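# Breakdown of the fold
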Amino acid sequence: MNDTSDSPPASGLTHFDAHGQAHMVDVGGKPETRRVARAAGSIRMQPATLAAIAGGSAKKGDVLGIARVAAIQAAKRTAELIPLCHPLPLTHVQVDFSIDESASAVHCTVQAETLGRTGVEMEALTAVQVGLLTVYDMVKAIDRGMVMGDIRVLEKHGGKSGDWVSL
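Let me begin by describing the structure that accompanies this report. (Residues numbered from 1 in each chain as written. Predicted model: local features only at pLDDT ≥ 70, side-chain atom pairs only at ≥ 80, totals over all residues. Heavy atoms only, no water.)

## Examining the packing of helix H2 (residues 63–76) against helix H4 (residues 121–139)
Where H2 meets H4, the closest approach of the two axes is 7 Å, and the angle between their N-to-C directions is 145 degrees. The chirality of how H2 crosses H4 is right-handed. Packed against H2, whose contacting residues are Val-63, Leu-64, Ile-66, Ala-67, Ala-70, Ala-71, Ala-74 and Ala-75, the element H4 presents Glu-123, Thr-126, Ala-127, Val-130, Gly-131, Thr-134, Val-135, Met-138 and Val-139 at the interface. Tallied by class, residues from the contact of H2 with H4 come to 13 nonpolar, three polar and one charged. (Axes fitted to C-alpha atoms, helices over the stretch in contact; angles between N-to-C directions. Helix = DSSP H or I, 4+ residues; strand = E, 2+ residues; numbered from the N terminus. Left-handed = near helix turned anticlockwise from the far one by under 90°. Contact = heavy atoms within 4.5 Å. Nonpolar A, V, L, I, M, F, W, Y, C, P; charged D, E, K, R; others polar.)

Listed below in structure tokens is the structure:
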């Protein structure tokens, strides 16, 4: 007889059942709590590219404005992109971009929030990455050598595991 237990394997990876099969974690028994996650990342580029973004002279228009909307859309659609993510009713998504002339970079920080049974780290991370990809798309005609990186969770709050803040 086969064991059909949904308990996680000894490794503690919850997206795999006892037989190593991928599955969506059952969060139905968890209480709804306020969940918040902040994530960040950067895109480095040539100084002339950064100047075009900062000065609003990119041919495709308001680079950071369009990237902000793209990041918000990405947060809302994370479950469609990441197979085992739960669709979440987001209560707030804040996207901030900053120009860093000394590093010739644009930095993106996203805070995602929900009242739910699972965290919003994936929504914040997805929003950061899509925001940066949109910056790339908007100015790639000027600079195809841009580099995205340092995408990471800065902090998360809520849920059974409580608060976590990056060092």
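## Concerning H4
For H4, spanning 19 residues, the distance from its first C-alpha to its last is 28 Å, which sits close to the expected 27 Å at 1.5 Å a residue. Burial in H4 covers these residues: Glu-123, Ala-124, Leu-125, Thr-126, Ala-127, Val-128, Gly-131, Leu-132, Thr-134, Val-135, Met-138 and Val-139. (Expected span 1.5 Å × (residues − 1). Buried < 20%, exposed > 50% of the residue type's maximum accessible area, 1.4 Å probe, protein only.)

## Here we look at the environment of Ala-40
With respect to the helices, strands and loops of the structure, Ala-40 is situated in strand E1 (residues 33–44). Note on Ala-40: relative accessible area 5%, which makes it buried. Spatially, the C-alpha atoms of Ala-40 and Cys-108 are 5.5 Å apart, while their sequence positions differ by 68 residues. If we ignore the near neighbours within four places in the chain, the residues touching Ala-40 are Cys-108, Thr-109, Val-128, Asp-150, Ile-151, Arg-152 and Leu-154.

## Some details on empty space enclosed by the protein
Inspection of every chain in the model, using the stated rule, returns one cavity of 30 Å³ or more. Looking at the largest cavity, its volume works out to about 40 Å³. Every residue lining the largest cavity is listed: Arg-35, Val-36, Ala-37, Gly-119, Val-120, Glu-121, Lys-156, His-157 and Gly-158. Every element with two or more residues in the lining of the largest cavity is listed here: E1 and strand E4 (147–157). Tallied by class, residues from the lining of the largest cavity come to three nonpolar, three polar and three charged. (1 Å grid on protein atoms, 1.4 Å probe; cavity = no way out; pocket = protein on both sides within 12 Å on 5 of 7 lines; lining within 4 Å. Points joined across faces, edges and corners; volume = space filled by probe spheres on them.)

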